[in-house]
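# Notes for the structure review
Below, each chain spelled out in residue letters.
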Amino acid sequence: MIRIISILVGAFFSLALLWSFGNGAASFIKEPPAATAEALFHKHPKHYSFSSDSAFGTFDKQQLQRGFKVYKEVCAACHALKQVAFRDLKAIGYNDDEVKAVAKGFQIPVYNPATGEVNSRDGLPTDHFPPVVYAGQGNPPDLSLITKARHGGAAYVASLLTGYAEQEGYKNEKGQELLKLFPDAKTPDGLYFNPYFANLNIAMPAPIASDDQVTYTDGTKATVDQMAQDVSAFLTWTAEPKLDKRKQTGWAVLGFLLFATTLAYMAYRNIWAGKKGH
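Residues numbered from 1 in each chain as written. Predicted model: local features only at pLDDT ≥ 70, side-chain atom pairs only at ≥ 80, totals over all residues. Heavy atoms only, no water.

## Quick look at the overall build of the protein
Along its length, the protein carries 9 helices and 4 strands. If you list the helices and strands of the protein from N to C, you get α-α-α-α-β-β-α-α-α-β-β-α-α. A compact globule built from 278 residues would reach a C-alpha radius of gyration of about 19 Å, whereas the protein, at 28 Å, exceeds it by more than 25%. Its C-alpha atoms give the protein principal-axis dimensions of roughly 75 × 70 × 55 Å. Buried residues in the protein amount to 31% of all 278 residues. (Helix = DSSP H or I, 4+ residues; strand = E, 2+ residues; numbered from the N terminus. Rg over C-alpha atoms; globule rule 2.2 N^0.38 Å. Buried < 20%, exposed > 50% of the residue type's maximum accessible area, 1.4 Å probe, protein only.)

## Considerations on the confidence of the model for the protein
Summing up the model confidence of the protein, the mean pLDDT is 90 and the portion of residues at 70 or higher is 96%. Put simply, helix α1 (residues 2–30) is where the protein has its lowest mean pLDDT, 78, and helix α8 (residues 224–239) is where it has its highest, 97. (pLDDT = per-residue confidence, 0-100.)

## Brief notes about a nonpolar patch on the surface
Judged by side-chain polarity, F56, W251, V253, L254, F256 and L257 come together as a nonpolar surface patch covering roughly 660 Å² of accessible area. Mapped onto the secondary structure, V253 falls in helix α9 (residues 243–276). V253 sits in the partly exposed class, given a relative accessible area of 41%. (Patch = residues over 30% accessible without salt bridge, like charges linked within 9 Å, V, L, I, M, F, W, Y side chains within 5 Å. Areas by Shrake-Rupley, 256 points an atom, 1.4 Å probe, with all protein chains shown as cover. Salt bridge = Lys/Arg side-chain N within 4 Å of Asp/Glu carboxyl O.)

## Focus on the pairing of strand β2 (residues 118–122)
Bridge analysis of strand β1 (residues 107–111) against β2 gives 5 bridges, and the strand direction is antiparallel. In the sheet register, P109 faces β2, and the bridge partner there is S120. Between the end of β1 and the start of β2, which pair antiparallel, lie 6 residues, with G116 showing a positive phi angle near 80°. (Pairing = 2+ DSSP bridges.)

## Re the side chain of T147
For T147, the position within the fold is in helix α5 (residues 146–149). A polar atom in the side chain of T147 sits 3.3 Å from the backbone oxygen of L235. If we ignore the near neighbours within four places in the chain, the residues touching T147 are G153, A154, V157, S232, L235, T236 and A239. (Polar contact = N/O pair within 3.5 Å; in protein donor to acceptor, adjacent residues only side chain to side chain. Contact = heavy atoms within 4.5 Å.)

## Structural notes on the pattern of salt bridges
Under the definition given, this model contains 9 salt bridges. Among the salt bridges present, the one from D230 reaches R66, with a minimum N-O distance of 2.9 Å. Here D230, found in helix α8, pairs with R66, found in helix α3 (residues 61–75); they are 164 residues apart in sequence, far enough to count as distant. Both residues of the pair, D230 and R66, count as buried. Between E73 and K69 there is a salt bridge, with its nearest N and O atoms 2.9 Å apart. Taken together, the residues span about one helical turn, with E73 and K69 both in helix α3 at a distance of 4 residues. One connected set of salt bridges, linked through shared partners, spans R66, D218 and D230.

## Considering the packing of helix α6 (residues 153–162) against α8
Closest axis-to-axis distance for the α6/α8 pair is 8 Å, and the angle between their directions is 145°. The element α6 and its partner α8 pack so that their crossing is right-handed. Residues A154, V157, A158, L161 and T162 of α6 lie in contact with α8, whose contacting residues are V224, D225, A228, V231, S232, L235 and T236. When its residues are assigned to classes, the contact of α6 with α8 shows 8 nonpolar, 3 polar and 1 charged. (Axes fitted to C-alpha atoms, helices over the stretch in contact; angles between N-to-C directions. Left-handed = near helix turned anticlockwise from the far one by under 90°. Nonpolar A, V, L, I, M, F, W, Y, C, P; charged D, E, K, R; others polar.)

## Considering unusual backbone geometry
Unusually for a residue other than glycine, L200 sits at a positive phi of about 75°. Here L200 lies in the loop between β3 (192–193) and β4 (201–202). For L200, a relative accessible area of 4% corresponds to the buried category.

## Things to note about α8
For α8, which comprises 16 residues, the first-to-last C-alpha distance of 23 Å matches the rise-based estimate of 22 Å (1.5 Å per residue) to within 8%. Of all 16 residues in α8, 14 are buried; the element is thus mostly enclosed. (Expected span 1.5 Å × (residues − 1).)

## Brief notes about the environment of T36
Of note, T36 is situated in the loop between α1 and α2 (37–41). Taking the C-alpha atoms as reference points, T36 and Q213, separated by 177 residues in sequence, lie 36 Å from one another. A polar contact of 3.1 Å, which involves the side chain of T36, links it to the backbone nitrogen of A39.

This is the structure in structure tokens:
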């Protein structure tokens, strides 16, 4: 009797679930949700090719150093890099003296438990990049892991940095004009229109506004697009500093597994050959 009741209860809930699903699907087909400005005008990241992208790709240390220069001179005023220590910069080609000079250019907060005061001192190579106190609008995220935290990674960051546009008269790929379709979608005061941002309006003004905003020492032309790609490559490194070594180890492991698999198969054929009539 208990088994029959259990079967009936289970069947009831299964039918209720199917009815709910069918009713919802029918409602969606009859009255599909209205299109939103974000759905029609949000753009996917542009296609960028970074040296570290492929399975055999490695970081370009010159590009990483250029990207760090962009971060230090453009981004560091608002965005922290708290997961990275100054001494980690040796991995992208800086020597000990250069790392010490970079660290000295940052002030590290030091808490005194005896007095409760917070003082500051020059940075040391063993310190991490200090937190940033930002008093403006919005909440600038820490950039240490930003390329792993955003869909599209480095391509998203580069697209966002170069994607600011005038909202007035802006059209999508279908030729639809944003403010004609959605008059209420006008960017509020204090925000900036960027179709690569999730809700189209971002609190950060365009940080890379013109060519030669940063002076490169290796002769590379500092265009807006070049600076955006360089800092995006640098932020890929901050998120995955062991990427090159992981790829090298991965290929060695795959080679070993292939060899071990071949050896195991040959041993299998040799051991069982007489048993199977081979």
